[in-house]
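Chains, contacts and geometry: an overview
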Amino acid sequence: MNTYQKIFNGTLHDVGRFGDHNPQMPEDQKNRIMHARLTFGENMLMFSDGMPDRPIINGDSISLSIGLNDEAEAHSIFDQLSEGGNVLMAMEKQFWGALFGMVIDRYGIKWMINCELG
């Protein structure tokens, strides 16, 4: 969350951990995030760690898309998400008249960045 807070220049809210709601949870699970919000501009991302008793499976099950209208901000976000990650499609002007790029960040999350050009 702190990485995304920095990338999106946002504010974290309502960070709740599994241990806050279940004191009987094993110590190594109590600090996992049950719910958190990140706001930036008029946007919001919500976070949760996986359930403590379920394995983590990385794959193509999800892609997050963000729509922007500031070219410099789009490049900054794309570049920061790319650090330690894997660029799938460089940020370039597309046939629909926007900048678009795809990246898998250092945590295995696939992002699609779309920036409408004025």
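Residues numbered from 1 in each chain as written. Predicted model: local features only at pLDDT ≥ 70, side-chain atom pairs only at ≥ 80, totals over all residues. Heavy atoms only, no water.

With that settled, the discussion passes to the nonpolar core. Of all hydrophobic cores here, the largest spans 21 residues; its most connected members are Tyr 4, Phe 8, Leu 81, Trp 111 and Ile 113. Of all elements in the fold, only helix 1 (2-8), strand 2 (33-40), strand 3 (43-47), strand 4 (63-68), helix 3 (71-82), strand 6 (98-104) and strand 7 (110-116) reach the threshold of two or more residues within this core. Aside from chain neighbours lying at most four places away, what touches Leu 81 is Tyr 4, Ile 7, Val 103, Ile 104, Asp 105, Arg 106, Trp 111 and Ile 113. (Core = buried A, V, L, I, M, F, W, Y, C linked by side-chain atoms within 4.5 Å. Buried < 20%, exposed > 50% of the residue type's maximum accessible area, 1.4 Å probe, protein only. Helix = DSSP H or I, 4+ residues; strand = E, 2+ residues; numbered from the N terminus. Contact = heavy atoms within 4.5 Å.)

With that out of the way, let us pick up the sheet that holds strand 3. Strand order in the open sheet formed by three strands is 1-2-3, and the pairing between neighbours is antiparallel. What marks the edges here is a single partner per strand, and that holds for strand 1 (11-17) and strand 3. Shown here is a sheet whose adjacent strand axes are inclined to one another by a mean of 10°, direction ignored. Judged from the five bridges that link them, strand 2 and strand 3 form a sheet pairing that is antiparallel. Residue pairing across strands places Leu 38 opposite Leu 45, the latter belonging to strand 3. (Pairing = 2+ DSSP bridges. Axes fitted to C-alpha atoms, helices over the stretch in contact; angles between N-to-C directions.)

Aromatic ring pairs: the centre-centre distance and the angle between the two ring planes describe each pair. For the coordinates displayed, the defined rule picks out seven aromatic pairs. Centre to centre, the rings of Tyr 4 and Trp 111 are 5.6 Å apart; their planes meet at 55°, and the pair counts as tilted. Taken together, the residues Tyr 4 in helix 1 and Trp 111 in strand 7 connect sequence positions 107 residues apart. By relative accessible area, which is 2% here, Trp 111 ends up buried. An aromatic cluster of three or more residues is present, and its members are Tyr 4, Phe 8, Phe 40, Phe 47, Tyr 107 and Trp 111. (Phe/Tyr/Trp six-rings, centres within 6.5 Å; stacked < 30°, edge-to-face > 60°.)

Turning to the side chain of Ser 82, a few remarks are in order. Locating Ser 82 in the fold gives a position in helix 3. The exposure class assigned to Ser 82 is buried, which follows from its relative accessible area of 16%.

In this section: the pattern of salt bridges. If you walk through the whole model with that rule in mind, you get two salt bridges. Between Lys 30 and Glu 27 there is a salt bridge; the shortest N-O distance is 2.9 Å. The class for Lys 30 is partly exposed, based on a relative accessible area of 22%. Judged by its relative accessible area of 62%, Glu 27 falls in the exposed class. (Salt bridge = Lys/Arg side-chain N within 4 Å of Asp/Glu carboxyl O.)

Another point: unusual backbone geometry. In this model, Asn 9 sits at a positive phi of 50°, which is unusual for a non-glycine residue. Along the polypeptide, Asn 9 turns up in the loop between helix 1 and strand 1. The phi torsion at Asp 14 lies on the positive side, around 50°, for a residue other than glycine. Taking relative accessible area as the criterion, Asp 14 reaches 48% and is therefore assigned partly exposed.

Here Gln 24 lies in the loop between helix 2 (18-21) and strand 2. Classification of Gln 24 as exposed rests on a relative accessible area of 71%. Sequence separation of Gln 24 and Ala 74 is 50 residues, and the distance between their C-alpha atoms is 43 Å.

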